Amino acid sequence: CLLAATVGGMRVGTAHLSHVGSGERLLQAEAIRAATPDLLLGDLNAAIDAPELAPLSGWTDAFSAPPGDAARASTDDGEPIDHVLVRHGSVSAPARVLLESGDLSDHYPVVAEVIPPASLS
């Protein structure tokens, strides 16, 4: 569920968690926490405040919009399931959903500007 690489000194992970059920996502979130990427991007198939994402709760959510805010909706059916989470580093430009990208997919792109910690640069 996780692909990790080092980019600009940061360990970056991209994930696509299971759509099957919350129990499987919980196990995947625990495995991601153990892998310790500095930055996590991806389709986590759950809202940021879902119980199955609790293992990732210590990370900084790059969205400035609170859970439940329509600005977090990243799919064509309005689900807020795509995330940018920062474990080490800071967010200089909050995450936003690019609705202007059109309907090339059932998910819209999510972008954020992240600054690596000084120890990594």
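Refer to the structure printed above.
Residues numbered from 1 in each chain as written. Predicted model: local features only at pLDDT ≥ 70, side-chain atom pairs only at ≥ 80, totals over all residues. Heavy atoms only, no water.

J.: Looking at this structure, how should I read the overall build of the protein chain?
T.: Helix and strand counts for the protein chain come out as one helix and seven strands. In sequence order, the protein chain lays out its α and β elements as β-β-α-β-β-β-β-β. For a compact globule of 121 residues, the expected C-alpha radius of gyration is about 14 Å, and the protein chain comes in at 14 Å, within 12% of that figure. Taking the principal axes of the C-alpha coordinates as reference, the protein chain spans close to 40 × 35 × 25 Å. (Helix = DSSP H or I, 4+ residues; strand = E, 2+ residues; numbered from the N terminus. Rg over C-alpha atoms; globule rule 2.2 N^0.38 Å.)

J.: It is not clear to me how the sheet that holds strand E1 (residues 2–7) should be interpreted in this structure. Could you clarify?
T.: Strand pairing in a sheet relies on backbone hydrogen bonds, with the paired strands running either antiparallel or parallel. Pairing is mixed across the open sheet formed by five strands, whose spatial order is E1-E2-E3-E5-E4. Edge positions in the sheet fall to E1 and strand E4 (60–61), since each has one partner strand and no second. Pairing of E4 with strand E5 (residues 82–86), which is carried by two bridges, proceeds in the antiparallel orientation. Residue pairing for E5: Thr60 is matched across the bridge by Val86. (Pairing = 2+ DSSP bridges.)

J.: So what exactly am I meant to see when it comes to the environment of Gly23 here?
T.: With respect to the secondary-structure elements, Gly23 resides in helix H1 (residues 22–35). Each C-alpha atom, one on Gly23 and one on Glu52, is 6.9 Å from the other, the two residues being 29 residues apart in sequence.

J.: Is there a simple way to explain a negative patch on the surface in this structure?
T.: A cluster of acidic side chains, namely Asp76, Asp77, Glu79, Asp103 and Asp106, defines a negative patch on the protein surface. Position of Asp76 among the secondary structure elements: in the loop between E4 and E5. (Patch = residues over 30% accessible without salt bridge, like charges linked within 9 Å, V, L, I, M, F, W, Y side chains within 5 Å. Areas by Shrake-Rupley, 256 points an atom, 1.4 Å probe, with all protein chains shown as cover. Salt bridge = Lys/Arg side-chain N within 4 Å of Asp/Glu carboxyl O. Lys, Arg positive; Asp, Glu negative; His and termini not counted. Charge placed at Lys NZ, Arg CZ, Asp CG, Glu CD.)

J.: Looking at this structure, how should I read the environment of Leu39?
T.: If you trace the backbone, Leu39 turns up in strand E3 (residues 39–43). Each C-alpha atom, one on Leu39 and one on Ser90, is 9.9 Å from the other, the two residues being 51 residues apart in sequence. For Leu39, the residues in contact, after removing those within four places along its chain, are Met10, Arg11, Val12, Gly13, Val84, Leu85, Val86 and Val114. (Contact = heavy atoms within 4.5 Å.)

J.: In this structure, what is going on with H1? I would like to understand it.
T.: The α-helix winds at 3.6 residues per turn, so residues separated by three or four positions along the chain end up facing the same way. Counted at 1.5 Å a residue, the expected span for H1 with its 14 residues is 20 Å, and the 20 Å between its end C-alpha atoms agrees. Those residues of H1 hidden inside the fold are in contact with E1, strand E2 (10–16) and E3. Among the residues trailing H1, Thr36 stands out with phi positive, at a value near 50°. (Expected span 1.5 Å × (residues − 1).)

J.: Teacher, can you tell me more about the nonpolar core here?
T.: One broad trend across soluble globular proteins is that nonpolar side chains are buried collectively. With 13 residues, the main nonpolar core has Ile32, Leu40, Leu44, Leu56 and Leu85 as its most contacted residues. Each residue touching Leu40, except ones within four places of it in the same chain, is listed here: Leu2, Gly13, Ala15, Ile32, Leu56, Trp59, His83, Val84 and Leu85. (Core = buried A, V, L, I, M, F, W, Y, C linked by side-chain atoms within 4.5 Å. Buried < 20%, exposed > 50% of the residue type's maximum accessible area, 1.4 Å probe, protein only.)

J.: How should I be thinking about the pairing of E5 in this particular structure?
T.: Here is the key point about a regular strand: its side chains alternate between the two faces of the sheet. Within E5, five of the five residues are buried, leaving the element largely enclosed by the surrounding structure. In the sheet, E3 pairs with E5 via five bridges, with the strands oriented antiparallel. By the bridge assignment for E5, Leu41 is matched with Val84.

J.: Teacher, can you tell me more about the pattern of salt bridges here?
T.: Side-chain pairs of opposite charge can arise where the charged atoms are in close proximity. Scanning the model with the defined rule gives three salt bridges in all. For Arg72, the salt bridge identified is with Asp61, shortest N-O distance 2.8 Å. Residue Arg72 is located in the loop between E4 and E5, and its partner Asp61 is located in strand E4; the two are separated by 11 residues in the primary sequence. Among the salt bridges present, the one from Glu100 reaches Arg96, with a minimum N-O distance of 3.3 Å. The partly exposed category is assigned to Arg96, whose relative accessible area is 43%.

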